[in-house]
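Okay, here's what each chain looks like letter by letter:
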Amino acid sequence: MRMGSPIGRVRGLGSSKQGALNWYHERLSSVGTLLLFVWFLVSLARMPSLDYQATVRWLSSPLAAVPMVLLIYTTFWHAKDGLRVVVEDYVHDEGGKFFWLALINFLFIVGGALAIFSVLKIAFTGGAA
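Let me begin by describing the structure that accompanies this report. Because the structure is a prediction, the values reported are computed rather than measured.

**As for the overall build of the chain**
Item 1. Each helix and strand in the chain was counted, giving 5 helices and 0 strands.
Item 2. Per-residue burial for the chain yields a buried fraction of 23% across its 129 residues.
Item 3. Within the structure as shown, the chain displays about 9,300 Å² of accessible surface, and the carbon and sulfur contribution to it stands at 72%.

This is the structure:
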């Protein structure tokens, strides 16, 4: 038995069949971010000091730089997805929804790219960004 009115089915109103996939991606990114944050906190706790030189030396290692880039990526991706859901649920004007989604995408892409660039600069050159 199908739910919804016949006119709703004709107009194509209802589920776009993307909800389950979005839910799965949000859960996957949250688990990945959680695991990477645990790695980050354990790594910081194991460092002999948290001064500039020790941090640059630590981040110059591929065993620190690669998970750090993954942490930045998953954190920005998860936050962007979360804000997208908030905008889709609570902004009802199509123009406003487009504006906020475009702004969120732009800011998170720029912020994530700058953060990843900073880590890669330290990893490859051993210097600050």
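After that view, the rundown keeps rolling.
**Topic: helix α3 (residues 52–59)**
Item 1. Buried within α3 we find Ala54, Val56, Trp58 and Leu59.
Item 2. Its buried side turned inward, α3 meets α2 (19–46), α4 (62–90) and α5 (94–125).

**A look at the environment of Thr55**
Item 1. The topology assignment puts Thr55 in helix α3.
Item 2. Taking the C-alpha atoms as reference, Thr55 lies 8.9 Å from Leu44; in sequence the two are 11 residues apart.
Item 3. Beyond its immediate sequence surroundings of up to four residues, Thr55 is in contact with Met47 and Leu50.

**Quick word on the packing of α2 against α4**
Item 1. It is the contact of α2 with α4, at a shortest axis distance of 9 Å, that shows an interaxial angle of 140 degrees. In the crossing of α2 with α4, the sense of the turn from one axis to the other is left-handed.
Item 2. Residues that form the contact of α2 with α4 fall into these classes: 12 nonpolar, 8 polar and 3 charged.

**A short note on the side chain of Arg84**
Item 1. On the secondary structure map, Arg84 appears in helix α4.
Item 2. In this structure, Arg84 is in contact with Asn22, Glu26 and Leu101, ignoring residues within four places of it in sequence.

About the cut-offs
Residues numbered from 1 in each chain as written. Predicted model: local features only at pLDDT ≥ 70, side-chain atom pairs only at ≥ 80, totals over all residues. Heavy atoms only, no water. Helix = DSSP H or I, 4+ residues; strand = E, 2+ residues; numbered from the N terminus. Buried < 20%, exposed > 50% of the residue type's maximum accessible area, 1.4 Å probe, protein only. Areas by Shrake-Rupley, 256 points an atom, 1.4 Å probe, with all protein chains shown as cover. Contact = heavy atoms within 4.5 Å. Axes fitted to C-alpha atoms, helices over the stretch in contact; angles between N-to-C directions. Left-handed = near helix turned anticlockwise from the far one by under 90°. Nonpolar A, V, L, I, M, F, W, Y, C, P; charged D, E, K, R; others polar.

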